[in-house]
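Residue-level structural notes
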Amino acid sequence: MKIAIRLDDITECMDWPKFLRFKGLLDYYGIKPLIGVIPLCTDETLKGSSEGAPEDFWQYVKDLSGEGWSLAMHGVNHIYTTDKGGLFPLNRFSEFAGLPYEEQLENLAYGVDIFNEHGIETRMFMAPAHSYDQNTLKALKSLGFEALTDGFGNKPYTYIGLTFYPISFRQSSSLRSKKEGYTTFTVHTNTLNDKDFERYEKYFKEHPGKFVSYAEYMAVTPVKRSVFGGFAERFMVLLKRTLVRMI
Ligand SMILES: [Zn+2]
């Protein structure tokens, strides 16, 4: 099993020392992740130290893209306004799930406009709290999105015309797995402590060749999700929710 990395909650106001420390690790081991960029930085819980922050955040995002990092839009303002888990209900709150289609479309289009104003383009969506519903997917498609970083499994799959790039059910099992395929480790740099940094450094050092750039994962040909795959995934989501709360 090859492992790609996604970094959630990338905003102008995030904790820069932690982000830069993790970026240093990724650079050292030559791993290029997917970053989930939030168009509007209004979520107070995501604010951190600005030490080392670039002068022009959007130019910095474009530079990362130039270095081979992949980009996703991570919601629009990252504020949870509903108590719905949606189709992949790892959490019981959402920025989108449960809202009417028109409202979701308008909100998402606003996020895309902000990206476009800053010269950022992406076809990949990263749902805050992993939560979205059928209306979110419909709105994303109508705005030109083609893929989501979510779901369980060991290869990308297509579902109602969108490609899903699965995330890891449990990091330790993904690391040990000798199976063919790919998964994603979800990293929130804002909340990492020293022990977490050591753990990731150990992963990268002890498993050379296992960690790959997200672009490699995106180049894998997706399979079509079967009905059974949908049921199995839903079962795993509920199991996972009972084990750990993911944001
Ligand atoms: Zn997030």
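Please refer to the structure placed before this passage.
Residues numbered from 1 in each chain as written. Predicted model: local features only at pLDDT ≥ 70, side-chain atom pairs only at ≥ 80, totals over all residues. Heavy atoms only, no water.

1. Overview of the overall build of the protein
Assigned secondary structure in the protein consists of eight helices and nine strands. Since a compact globule built from 247 residues should have a radius of gyration of about 18 Å, the 17 Å found for the protein is in line with a globular shape. Each principal axis of the C-alpha distribution contributes one length, and for the protein these read about 45 × 45 × 30 Å. Within the protein, contacts between residues at least 6 apart in sequence are counted, and of these 73% link residues at least 24 apart. With an accessible surface of roughly 11,600 Å², the protein has 53% of that area assigned to carbon and sulfur atoms. For the protein, the separation between the mean place of its 29 positive charges and that of its 31 negative charges on side chains is 12 Å. (Helix = DSSP H or I, 4+ residues; strand = E, 2+ residues; numbered from the N terminus. Rg over C-alpha atoms; globule rule 2.2 N^0.38 Å. Contact = heavy atoms within 4.5 Å. Areas by Shrake-Rupley, 256 points an atom, 1.4 Å probe, with all protein chains shown as cover. Lys, Arg positive; Asp, Glu negative; His and termini not counted. Charge placed at Lys NZ, Arg CZ, Asp CG, Glu CD.)

2. Examining the coordination of the zinc ion
Protein coordination at the zinc ion comes from D9 (OD), H74 (NE2) and H78 (NE2), with a distance range of 2.0 to 2.1 Å. Written as a sequence motif, the donor residues of the zinc ion are D-x64-H-x3-H. (Donors = N, O, S within 2.8 Å, 3.2 Å for Na, K, Ca; no water.)

3. With respect to the environment of E51
Residue placement: E51 occurs in the loop between strand 2 (34–37) and helix 2 (57–66). Along the chain, E51 and L20 lie 31 residues apart, while their C-alpha atoms are 9.8 Å from each other. Beyond its immediate sequence surroundings of up to four residues, E51 is in contact with W16, P17 and L20.

4. Considering helix 6 (residues 194–206)
For helix 6, which comprises 13 residues, the first-to-last C-alpha distance of 18 Å matches the rise-based estimate of 18 Å (1.5 Å per residue) to within 8%. Along helix 6, the residues classified as buried are D196, F197, Y200, Y203 and F204. With its buried residues spanning 120 degrees around the axis, helix 6 presents them on a single face. Exposed side of helix 6, more than 90 degrees from the buried face: K195, E198 and K205 are the residues found there. For helix 6, the elements touching its buried residues are strand 1 (2–10), helix 1 (16–28), helix 5 (171–176) and strand 8 (182–187). Between a side-chain oxygen at the N-terminus of helix 6 and the backbone nitrogen of K195 the separation is 3.1 Å; the capping residue is N193. (Expected span 1.5 Å × (residues − 1). Buried < 20%, exposed > 50% of the residue type's maximum accessible area, 1.4 Å probe, protein only. Arc of directions from axis to C-beta. Polar contact = N/O pair within 3.5 Å; in protein donor to acceptor, adjacent residues only side chain to side chain.)

5. Quick word on a negative patch on the surface
Side chains of E12, E55, D56 and D63 sit close together on the surface and give a patch of like negative charge. Here E12 is to be found in the loop between strand 1 and helix 1. (Patch = residues over 30% accessible without salt bridge, like charges linked within 9 Å, V, L, I, M, F, W, Y side chains within 5 Å. Salt bridge = Lys/Arg side-chain N within 4 Å of Asp/Glu carboxyl O.)

6. Some words on the packing of aromatic side chains
The final tally for this structure, using the stated rule, is 29 aromatic pairs. Ring geometry for F57 versus W58: centroids 5.0 Å apart, planes at 75 degrees, classification edge-to-face. In this structure, F57 and W58 share a single accessibility class: buried. Among the aromatic side chains, those forming a connected cluster through ring pairs are F22, Y28, Y29, F185, F197, Y200, Y203, F204 and F211. The ring centre of F197 lies 4.0 Å from the NZ or CZ of R21, which sits over that ring. Positioned above the aromatic ring of Y101 is the side chain of K138, whose terminal nitrogen or guanidinium carbon lies 4.1 Å from the ring centre. (Phe/Tyr/Trp six-rings, centres within 6.5 Å; stacked < 30°, edge-to-face > 60°. Lys NZ or Arg CZ within 6 Å of the ring centre and 35° of its normal.)

7. Some details on the state of the cysteines
In this structure the tally under the stated criterion is one disulfide. One disulfide in the model links C13 with C41; its S-S distance is 1.8 Å. When the S-S torsion is 125 degrees, as for the bridge of C13 with C41, the disulfide is right-handed. With a gap of 28 residues between them, C13 in the loop between strand 1 and helix 1 and C41 in the loop between strand 2 and helix 2 connect regions that are remote in the sequence. (Disulfide = S-S within 2.5 Å.)

8. Section: the pattern of salt bridges
Under the definition given, this model contains seven salt bridges. R6 is the salt-bridge partner of D8, the closest N and O atoms lying 2.7 Å from each other. Each member of the pair, D8 as well as R6, is classed as buried. A salt bridge links E44 to K47; the shortest N-O distance between them is 3.1 Å.

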